[in-house]
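Below, each chain spelled out in residue letters.
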Amino acid sequence: MDHTDSRGKICTLQAYLTGGGPSGQIIDRRIRKIINGVAFASKIISREVSRISLSDLSGPTGGTNVQGETVQKLDIYSEKIVCEAMERTGSLCCMVSEESENILSLPSGAKQGEYILLFDPLDGSSNIDVNISTGTIFSIQRRVTRQGDATIEDCLQKGSSQIAAGYVLYGASTMLVLTFGHGVIGFTLDTSIGEFILSHPNITMGEHSSRMYSVNEGNYLFWSENQKRFLKTLKGLEGGEPYCTTSRYVGSLVADFHRTLFRGGLFAYPADAKNTNGKLRLLYEAAPVAMLCEQAGGKASTGEGPILDVAPTDIHCRTPVYLGSRALVDLADSFLSSQDSEERSY
Ligand code: AHM
Ligand code: MG
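As the structure is a computational prediction, the values presented were derived from the model and not from experiment.

Here we look at the overall build of the protein
And step 1. Looking only at helices and strands, the protein has nine helices and 14 strands in total.
And step 2. Against the compact-globule benchmark of 20 Å for 346 residues, the protein has a radius of gyration of 20 Å, which places it among compact chains.
And step 3. In terms of overall dimensions, the protein has a C-alpha envelope of 60 × 45 × 45 Å along the principal axes.
And step 4. Out of the 346 residues in the protein, the part that is buried amounts to 56%.
And step 5. When the accessible surface of the protein is summed, it comes to about 14700 Å², and 48% of that surface belongs to carbon and sulfur atoms.

Now the structure itself:
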C-alpha cells in the first residue's frame, strides 16, 4: 500500500491537501482549513473516546435532543470542540449539527466564509459506554444566497451539491475517510506523532464478492411487506439462492458503513412503522456517506431513488438508506421503488 507523497516520503494529511499525495490534487485553501479543523477536533474527541471510562464525560446528560433522543455528555463536548475548531477557519458562514435544533451561527467577530459545515459530532454515541466504535460525520456545502447572513436555504441543499464529505471513525485506530468528489481516500491517526497519515490512497467498494448484509432486524415486525420480502430474498428464504449469507450489525453508522466500504455487501436502515422516513438524518448522516459510497463505486439509494437527489425539507429530516455494492442496492430498489401506498404501509 502506498503511504508516500510524490517524493516518496510519508504523506501527512496536510501534505495530501496541498498536492503532495499520489494524485497530486490540491485542495482549495478554504476547504483545506475546514478539513484541518475537523482533523484537529477529531484528535481531541478521539482522546476523550479512548479514555471515556476514566473520565467525567461518560454517561448521559439527562436531557434529550430535538429528535427526542438521549444526549450523552460526549455528544455535547464533541459538538463544542468541532465548533471551536471551526471558528478560526474563516471559511464558514454557518453550521448545522445533529445536537442543535437550529442553524449554528459563528460567534460575532469571527471571520465569515462561503461554506457550510453540516455534522454529526459523535454518531453512534449510545454505544460509547460499552467501548464500541463511534464516529464524527461531516458534509461541506457552498452557500447559495449571495449576501448577508446565511439562511435555511443555504443549509437545505441536496447531497449532490456537496463539495466534500467524510467521517472520522473512532475504532481500534482512528481513521479519517474523505472525498472531494474524485474518489475516496483514508488517513490513519498515528497517535505517537499526532498526525493523520495517508493509509488508503484509493478506496473502492467495487462489486467485491461480499455476501454480508447489515440491518437492524429487530425492526422486522415494523417493516413494510416489500421490505420484508426484500430481506427474505436477500437471505434466500424466498426466490432462490441467497444473495447474502453473513450478517453484521454494530449499530454505529460509521462503523457499519466503514466495513461495507472496505468489504462490500449492503448496509440498510429502512423506513418502518415507527420511523416512516427511516432513522438516519439526511444532511449530516445519509448524504455524506452516500457521497463516499458512490465515489467508491457503490450505490446509495433511499429504495426509491438516489440519496444524493433527495431535497431536504428540514435540517434534521430523515431518509431510508440502502448503501453498498451496486447489485445488492439494485435488488433493494427492485422491491421498494415501485411500491404503491398500500404496499408501503406497515
Ligand atoms: P445517533 O446519531 O443518535 O447516534 O443515531 C444514529 C445511529 C447510527 O449510528 C446507527 O446506524 C443507528 O443509529 C442505529 O440505530 P438502531 O439502534 O435503531 O439500530
Ligand atoms: Mg448520528
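Things to note about the environment of Leu 234
And step 1. Looking at where Leu 234 falls in the secondary structure, it is placed in helix 5 (residues 225-234).
And step 2. A sequence separation of 23 residues divides Leu 234 from Arg 211, and the C-alpha atoms of the two residues are 9.4 Å apart.
And step 3. Setting aside chain neighbours within four positions, we find Leu 234 in contact with Tyr 213, Pro 242, Tyr 243, Cys 244, Leu 266, Leu 328 and Leu 331.

Things to note about the site of ligand 1
And step 1. Residues in contact with ligand 1 amount to 16 residues; listed here are only the nearest, Asp 123, Gly 124, Tyr 249, Leu 253 and Tyr 269.
And step 2. Contact distances for ligand 1 include 2.6 Å between an oxygen atom and a backbone N or O atom of Leu 253.
And step 3. Considered on its own, ligand 1 offers 470 Å² of accessible surface; in the complex 84% of this is hidden by protein.
And step 4. Here the shell around ligand 1 is built from residues that sort into four nonpolar, five polar and seven charged.
And step 5. No fewer than three residues from each of domain 1 (13-200) and domain 2 (212-336) sit in the shell around ligand 1.

Scoring rules and cut-offs
Residues numbered from 1 in each chain as written. Chains lettered and ligands numbered in written order. Predicted model: local features only at pLDDT ≥ 70, side-chain atom pairs only at ≥ 80, totals over all residues. Heavy atoms only, no water. Helix = DSSP H or I, 4+ residues; strand = E, 2+ residues; numbered from the N terminus. Rg over C-alpha atoms; globule rule 2.2 N^0.38 Å. Buried < 20%, exposed > 50% of the residue type's maximum accessible area, 1.4 Å probe, protein only. Areas by Shrake-Rupley, 256 points an atom, 1.4 Å probe, with all protein chains shown as cover. Contact = heavy atoms within 4.5 Å. Near = heavy atom within 4 Å. Polar contact = N/O pair within 3.5 Å; in protein donor to acceptor, adjacent residues only side chain to side chain. Nonpolar A, V, L, I, M, F, W, Y, C, P; charged D, E, K, R; others polar. Domains from an automatic or database assignment.

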